Structure formats: C-alpha cells, structure tokens
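Residues per chain, in single letters:
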Amino acid sequence: MSLELWTTVDRYIEGLQIPSDAVLDAAIATSAAAGLPEIAVTPSQGKLLYLLAKMQEARRILEIGTLGGYSTIWMARALAAKGRLVTLEAEKNHAAVARKNIARAGLSEVVDLRLGRALRTLPKLAEEGGAPFDFVFIDADKENTAEYFAWALRMSRPGTAIVVDNVIREGEVANGGTTDASVQGIRRFNEALAIEARVSATTIQTVGSKGYDGFTLALVLS
Ligand code: SAH
Ligand code: DHB
Ligand code: MG
C-alpha cells in the first residue's frame, strides 16, 4: 500500500465521479503558481464537503482556513438560494489568491472572505449575531482546532454539521507522547469533543493522493 496506489485510485474515482471543471482546476493552478502550500482538499474530499452541505440544505456555511479558495468554491456551490459562506483566512497572500478564484467561480456575491487570524475574527463574527451556521468546515492551523470547534458550537443550532480536517496525521494522533504541536492541538480537540454532550461525532481515517489522514464529522444535537 503506497501513496502511489492511493493516488491512482483517487484519479480513477475522480474520473468517474468528478467532471473536469475549469474553475476548480484554475483555483489549484493559480494557488500553486502563487507559491501557496499544496494542501487543499482533494477533489473527492471537496465533493464530500459539497454533498454534506447539500444534505444540510445549508444557507449559512462557515469555513476556517481558506487557502486559495478551493474548498470554499466546492461548498459555496452547495449553498441553497440566498445562502452565504463566510471564510476566514490569516494570510494576506492566500486571501488575495482566493478572492480571484472565488470571483472566477462567480461566487464573490455569496462568499464573505475575512482576513485575519481566526481567533480574532471569530469573536467579531459571533458578536454580529447572525443566524446560526448550518455547516462548518474547520481547516486552519491545527494548534487551535479545539478553540475553533468551541466557536463553531457557539454559532451552531441543533442539526448543524461540523467537519474538521486533518485529524489523523499519518496515525500520529494516537501517539500520546507526540511533540508535534499540530497533533497536540488535534488531541486537545479530541478530548474536548469526547466530553461535549451537545454533539455526536465520528472520525474516519482516509488515504488518497494527500496521504494518510482523516476527518471528524460532528452533528450538533442540542
Ligand atoms: N480549506 C483549504 C485549505 C486550508 S489550508 C482547502 O481545502 O482548499 C489552511 C489555511 O489556514 C492556510 O491558508 C493558512 O494560511 C490558514 N491559517 C493558518 N492559521 C490561521 C489562523 N490563525 N487564522 C485563519 N487562517 C489561518
Ligand atoms: C496541512 C494542512 C492541511 O489543511 C491539510 O489538509 C494538509 C496538510 C499541513 O499544514 O501540513
Ligand atoms: Mg486540510
């Protein structure tokens, strides 16, 4: 079992289930050309986010960690009529690339990209007192995942779905002695999640062209 095989299978599945899409391809290409890290979700993962948001009939989506807007475009395309997506990004350069990609996708009117560290922009967003989010995707700095989850919960309603990316990290998440601050952040999130009575959650390990990782899906119950 190897990254090469996982990538071959990802490409096979993409060929069957994900029509080639000039806008999404451009989002990846322009991100790479601008020197952004190549860590966007894969096409199949983007499609999963799209399907989950559709299942939620989401009108309000929150994303933490925009990068070049690839996952943003997938989710924004799932928005119900009059829906809006708020996406939070700390890096000016990433946000600039994302804005262009979102514009190319014709989604500038529905995507509200906010520049700044999420621990600063989230309290502001919460203070605005908008309607709760229907769907949340947490995919920024892993160190603060537990905090992001707590903010997501504050802006949720019963029925909100929260997806957290990169929670397995090649299995390192199960290593209690890890010195990796990102993995420690995920472990702290897992501990908070375990004692959070308001949600029901599961974590799925994944392999694919991005290697061995996984995601958590949490459903807000009350
Ligand atoms: N969701 C994107 C990938 C996000 S990569 C996709 O799948 O297409 C993680 C992003 O989080 C990077 O762009 C990084 O700059 C951003 N980030 C890191 N720390 C952050 C913080 N404190 N606040 C907001 N964004 C942050
Ligand atoms: C990294 C971040 C991500 O959001 C991701 O999906 C993969 C890798 C990283 O920081 O290495
Ligand atoms: Mg990620």
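In case you missed it, the structure is sitting above this.
What you are looking at is a predicted structure, and each value in this text was computed from that prediction instead of being measured.

The helix and strand tally for the protein stands at 8 helices and 7 strands. A globule of 222 residues ought to have a C-alpha radius of gyration of about 17 Å, and the protein, at 17 Å, matches this closely. For the C-alpha atoms alone, the extent of the protein along its principal axes is close to 45 × 40 × 30 Å. Buried residues in the protein amount to 49% of all 222 residues. Intrachain contacts of the protein at a sequence separation of at least 6 include 72% that bridge at least 24 residues. Split by element, the accessible area of the protein, about 11,000 Å² in all, is 54% carbon and sulfur. Counting 24 positive and 26 negative side-chain charges, the protein places the averaged centre of each group 8 Å from the other.

In this structure, S222 sits in the segment after β7 (211-220). On the basis of relative accessibility, which here comes to 55%, the residue S222 falls in the exposed class. Taking the C-alpha atoms as reference points, S222 and L16, 206 residues apart in sequence, are found 38 Å from one another. When sequence neighbours within four positions are dropped, the list of residues in contact with S222 reads P158 and R198.

Moving on, we come to the packing of helix α2 (residues 22-33) against helix α5 (residues 92-104). As a packed pair, α2 and α5 sit with axes 9 Å apart at the nearest point and diverge in direction by 165 degrees. Classified by the interaxial angle, the pair formed by α2 and α5 is roughly antiparallel. Every pair of crossing elements has a handedness; the one defined by α2 and α5 is right-handed. Residues V23, A26, A27, T30 and S31 of α2 lie in contact with α5, whose contacting residues are V97, N101 and R104. Taken together, the residues of the contact of α2 with α5 break down into 4 nonpolar, 3 polar and 1 charged.

It is worth spelling out the side chain of E14 at this point. Position of E14 relative to the elements: it lies in helix α1 (residues 3-17). In contact with E14, not counting residues within four places along its chain, are P43 and S44.

Listed as protein donors to the magnesium ion (ligand 3) are D139 (OD), D165 (OD) and N166 (OD1); their distances from the metal cover 2.0 to 2.2 Å. The class for D139 is buried, based on a relative accessible area of 14%.

Moving on to the site of ligand 1. Around ligand 1, the structure places 22 residues, and the nearest of them are G65, S71, E89, H94 and D139. In the environment of ligand 1, a nitrogen atom lies 2.8 Å from a nitrogen or oxygen atom belonging to the backbone of G65. For ligand 1, the protein covers 90% of the area, taking 580 Å² as the surface of the free molecule. If you list the elements that add at least two residues to the shell around ligand 1, you get α4 (70-76) and β2 (84-89). Considering only residue class, the shell around ligand 1 consists of 11 nonpolar, 5 polar and 6 charged.

This part takes up the packing of aromatic side chains. In the structure shown here, the tally under the stated rule is 2 aromatic pairs. Ring plane angle 65 degrees and centroid distance 6.1 Å describe the contact between Y50 and W74, whose orientation is recorded as edge-to-face. Here Y50, found in helix α3 (residues 43-55), pairs with W74, found in helix α4; they are 24 residues apart in sequence, far enough to count as distant. According to the relative accessible area criterion, Y50 is partly exposed, its value standing at 22%. Judged by centre distance (5.2 Å) and plane angle (70 degrees), the ring pair of F149 and F189 falls under edge-to-face. Here the residue F149 occupies a position in helix α7 (residues 145-154), and F189 occupies one in helix α8 (residues 181-194), the gap between them amounting to 40 residues. Residue classification places F149 among the buried residues on the basis of a relative accessible area of 3%. Over the ring of F133 we find R60; its NZ or CZ atom is 4.3 Å from the centre of that ring.

Criteria and thresholds
Throughout, a residue's number is its position along its own chain's written sequence, starting from 1. Throughout, the order in which chains and ligands are written sets their labels, letters from A for the former and numbers from 1 for the latter. Per-residue local features are limited, in this predicted model, to residues with pLDDT of at least 70; the limit for side-chain atom pairs, both in listing and counting, is 80 or more; totals at the level of whole chains, interfaces and linings are taken over all residues. Side-chain metrics in this entry use all non-hydrogen atoms of the structure; hydrogen atoms and water are not considered. A run of H or I in DSSP becomes a helix once it reaches four residues, and a run of E becomes a strand once it reaches two; helices and strands are each numbered from the N terminus. To get the radius of gyration, use the C-alpha atoms; to get the globule rule, take the number of residues to the power 0.38 and multiply by 2.2 Å. Burial classification: accessible surface area is computed with a 1.4 Å probe over protein chains only, and a residue below 20% of its type maximum counts as buried, one above 50% as exposed, and the rest as partly exposed. Contacts between residues were defined by any pair of non-hydrogen atoms, one from each residue, lying within 4.5 Å. Here the open area of atoms and residues is found with the Shrake-Rupley method and a 1.4 Å probe, where only the protein chains shown may cover a residue. Charge assignment in this entry is limited to Lys and Arg as positive and Asp and Glu as negative, and neither His nor the chain termini are counted. By convention, the point assigned to a charge is CZ for Arg, NZ for Lys, CD for Glu and CG for Asp. Fitted lines through C-alpha atoms give the axes, limited to the stretch in contact for helices. The angle between two N-to-C directions lies from 0 to 180 degrees. Roughly parallel means an angle under 35 degrees; roughly antiparallel, over 145; roughly perpendicular, 65 to 115; everything else is oblique. Definitions for this section: a left-handed crossing has its near helix turned counterclockwise from the far helix by less than a right angle. A right-handed crossing has that turn clockwise. As a working rule, the residues Ala, Val, Leu, Ile, Met, Phe, Trp, Tyr, Cys and Pro are called nonpolar, Asp, Glu, Lys and Arg charged, and the rest polar, with Gly in that last group. Keep in mind that water is not among the atoms, so a site may look incomplete; donors are the N, O and S atoms within 2.8 Å of the metal, or 3.2 Å for Na, K and Ca. For each residue, the test is whether any non-hydrogen atom lies within 4 Å of the molecule or strand; if one does, the residue is near. Two N or O atoms form a polar contact when they lie within 3.5 Å of each other; inside protein one atom must be a possible hydrogen donor and the other a possible acceptor, and for residues adjacent in sequence the pair counts only when both atoms belong to side chains. Note on aromatic pairs: the rings of Phe, Tyr and Trp (six-membered ring only in Trp) are paired at centre separations within 6.5 Å, and the planes decide the class, stacked below 30 degrees, edge-to-face beyond 60, tilted for the rest. Think of it as a cone above the ring: NZ of Lys or CZ of Arg counts as a charge over the ring if it is within 6 Å of the ring centre and within 35 degrees of the ring normal.

Note that all results are geometric; they support no functional claim without further evidence.
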